[in-house]
Amino acid sequence: MTSILWLRRDLRLGDHPALHAAAEEGAVLPLFVRDPALANAGDARRSRLEASLAALDAATDGVLVVRSGDPAEVVASVAAEAGATSVHVTGEFTPYAVRRDRRVADRLREADVPMASSGTPYAVRPGSVVNKSEAPYQVFTPYSRVWRDQAIEPPLDRPRGLRWRRTVDSEGLDTALVERGRSFGPVGEDAALDRWRVFADGALDDYDSRRDRPDLDGTSRLSVHLKHGEIHPRTLLADLTNGRRRSQGARTFVTELAWREFYADVLWHRPESAWRDLRDGLAGMRYDEGPDVEELVEAWRQGRTGYPFVDAGMRQLLEIGWMHNRVRMVTASFLVKDLHVWWPVGARHFLDHLADGDLASNNHGWQWVAGTGTDAAPYFRVFNPVTQGKKFDPDGDYVRRWVPELAHLPGVKVHEPWRHDGGYDHGYPRPVVEHDEERKVALERYEKASRST
DNA sequence: TGCTTGTTCTG
DNA sequence: AGAACAAGC
């Protein structure tokens, strides 16, 4: 008996319920399908995925099968070729994935091959945390209280006596893509577990005070591993519980995991909110578009807005496919509230360049900043890019690291080149807009939009 | 998981 | 003068 393990965002062997379920039926054929519908994922994300597949292939002694095409056709034909009696998957919850999985399951049913879903990429299944009237929570804090109290299954070991089977051809991997994917840092399940141990034994206890500092290595850097399922949040939570880590840092880290789960839950309940305002409270909001603002948006994309903290973040994104979360908030606020651009424009750019790009976390993070989401920041919260920089990059190291035209300015001066002699000696651009003015414009438009609805 | 402004308090 | 705080955006 052979069963197929159709892998998607669960590229690991430990703590993998679907792998267990597959292994219980006999030999396991691991399959990844390159879906043309997902070909528009950014270069960073696609290459990082390819590298993760290479790591998994190595961990399975090279039995991974990779095929391109419509998943319904590919999974069905591989099942037929291998004589598989079932297909096992980890549940997926984004709008496209839900439709796709329904379609694949239907197609397999015609061939009398059941598709079984075990587990999810989350500690708590999206849709399972509800209030007393069985409705989803609209606000993070009450959600997180209930989420925290959910019984979490203990992590599973790798299945014993696992037999792999590769009886069908594989397209193989794109070595150039794999190479580029590896440029984002260590890849694969072992690397993810290593990173987690280093973080848990190191920065975790100070996470509460240091996570907001992009100039320090104070964050977990686990996002890309979580994105591809190289590690499961259940593993992290179990370690935190068993290790009885009770520091404020550990508690805050758990809260960050809860945000990830909350946003997946919100997107599951409201799939249309991926690319549209979740709340219609700002429906009358006036945003700028067209050629004039497009030039400003391009300056934002390239990290040439003239605001050092913003530009450092945007350049970090382009160079390493990752941006510190504090800076994601500040750069997002700049696009929405200083350039008056609707949030999906920015969310698209982030997804195009983040190696860890995740639809739920990214787009609902943007909606939070824009004030259009569930539990979003009120619209009148406008980040000041200069004071945010001075506060969270107090020595200016982050800006100097990513903006070489400002590397000659010492200390906190990098945040205000206009106030220092020679600030523009190395070609750094002047501010493309005046924050104080644009803040007022944003508040006026908000005021108008609130009155109209 | 903000910012600004105005006011009061402190040294 | 500058910290600490409240209130409104």
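Look above for the structure.
Cut-offs and rules
Residues numbered from 1 in each chain as written. Chains lettered and ligands numbered in written order. Predicted model: local features only at pLDDT ≥ 70, side-chain atom pairs only at ≥ 80, totals over all residues. Heavy atoms only, no water. Helix = DSSP H or I, 4+ residues; strand = E, 2+ residues; numbered from the N terminus. Expected span 1.5 Å × (residues − 1). Buried < 20%, exposed > 50% of the residue type's maximum accessible area, 1.4 Å probe, protein only. Contact = heavy atoms within 4.5 Å. Phe/Tyr/Trp six-rings, centres within 6.5 Å; stacked < 30°, edge-to-face > 60°. Lys NZ or Arg CZ within 6 Å of the ring centre and 35° of its normal. Pairing = 2+ DSSP bridges. Axes fitted to C-alpha atoms, helices over the stretch in contact; angles between N-to-C directions. Lys, Arg positive; Asp, Glu negative; His and termini not counted. Salt bridge = Lys/Arg side-chain N within 4 Å of Asp/Glu carboxyl O. Polar contact = N/O pair within 3.5 Å; in protein donor to acceptor, adjacent residues only side chain to side chain. Core = buried A, V, L, I, M, F, W, Y, C linked by side-chain atoms within 4.5 Å. Domains from an automatic or database assignment.

J.: Is there a simple way to think about helix H14 (residues 325-338) in this case?
T.: Along an α-helix, a turn takes 3.6 residues, which lines up residues three or four apart on a common side. Its 14 residues place the ends of H14 19 Å apart at the C-alpha level, agreeing with the 20 Å of an ideal helix rising 1.5 Å per residue. The buried fraction of H14 is high, at 13 of 14 residues.

J.: It is not clear to me how helix H3 (residues 71-82) should be interpreted in this structure. Could you clarify?
T.: With twelve residues, H3 extends 16 Å from end C-alpha to end C-alpha; this agrees with the ideal 16 Å at 1.5 Å per step. The inward-facing, buried residues of H3 contact strand S1 (2-7), strand S2 (27-34), strand S3 (65-68), strand S4 (86-89) and helix H4 (95-110).

J.: Looking at this structure, I do not really get the packing of aromatic side chains. What am I missing?
T.: How two aromatic rings sit relative to each other is set out by the distance from centre to centre and by the angle between their planes. According to the stated counting rule, one finds 23 aromatic pairs in the structure shown. Between Phe-350 and Trp-366, the ring centres sit 5.0 Å apart and the planes meet at 75 degrees, which makes this aromatic pair edge-to-face. With Phe-350 in helix H15 (residues 343-353) and Trp-366 in helix H16 (residues 359-370), this residue pair connects regions lying 16 residues apart in the sequence. Classification of Phe-350 as buried rests on a relative accessible area of 2%. Three or more aromatic residues joined by ring pairs make a cluster, and in this case those are Phe-140, Tyr-143, Trp-259, Phe-262 and Tyr-263. The side chain of Lys-337 reaches across the aromatic face of Tyr-379, ending 4.5 Å from its centre.

J.: Sorry if this is basic, but what is going on with the environment of Phe-32 here?
T.: Topologically, Phe-32 is positioned in strand S2. Every residue in contact with Phe-32, bar those within four places of it in the chain, is listed here: Leu-7, Arg-8, Leu-49, Leu-53, Leu-64, Val-65, Val-66 and Arg-67.

J.: Before we go on, may I ask you to explain the sheet that holds S3 in this structure?
T.: Paired through backbone hydrogen bonds, the strands of a sheet run either parallel or antiparallel to each other. The strand order across the open sheet formed by five strands is S3-S2-S1-S4-S5, and the pairing between neighbours is parallel. Looking at which strands have only one partner, the edges of the open sheet turn out to be S3 and strand S5 (115-117). The mean inter-strand angle of the sheet, taken between neighbouring strand axes irrespective of direction, is 30 degrees. The pairing of S2 with S3 spans four bridges and is parallel. Across the sheet, Arg-34 pairs through a bridge with Ser-68, a residue of S3. Taken strand by strand, H4 contacts S1, S4 and S5, and its axis lies near 145 degrees from that of S5.

J.: Would you explain the side chain of Lys-337 in this entry?
T.: Among the structural elements, Lys-337 can be located in helix H14. It turns out Lys-337 is buried and unbridged, and the closest side chain with the opposite charge, Asp-338, is 8.7 Å from it. Here the side chain of Lys-337 touches Val-369 through a polar contact of 3.1 Å, landing on its backbone oxygen. Among residues more than four places away in sequence, those in contact with Lys-337 are Val-369, Pro-378, Tyr-379, Arg-381, Val-382, Glu-438 and Ala-442.

J.: What is the right way to look at the nonpolar core in this model?
T.: Within soluble globular proteins, side chains that are nonpolar generally end up buried alongside one another. Ranked by internal contacts, the top residues of the largest apolar core, which has 81 residues, are Trp-147, Trp-196, Phe-253, Trp-300 and Trp-366. With nine residues, the top contributor of residues to this core is helix H11 (residues 248-269). Counting contributing residues, this core receives three or more from each of domain 2 (122-154 + 187-269) and domain 3 (280-451). Beyond its immediate stretch of four places on either side in the chain, Trp-196 contacts Leu-222, Ile-231, Leu-236, Asp-239, Leu-240 and Phe-253. Counting 20 residues, the second largest nonpolar core, distinct from the first, contains Trp-6, Leu-29, Val-65 and Ala-79.

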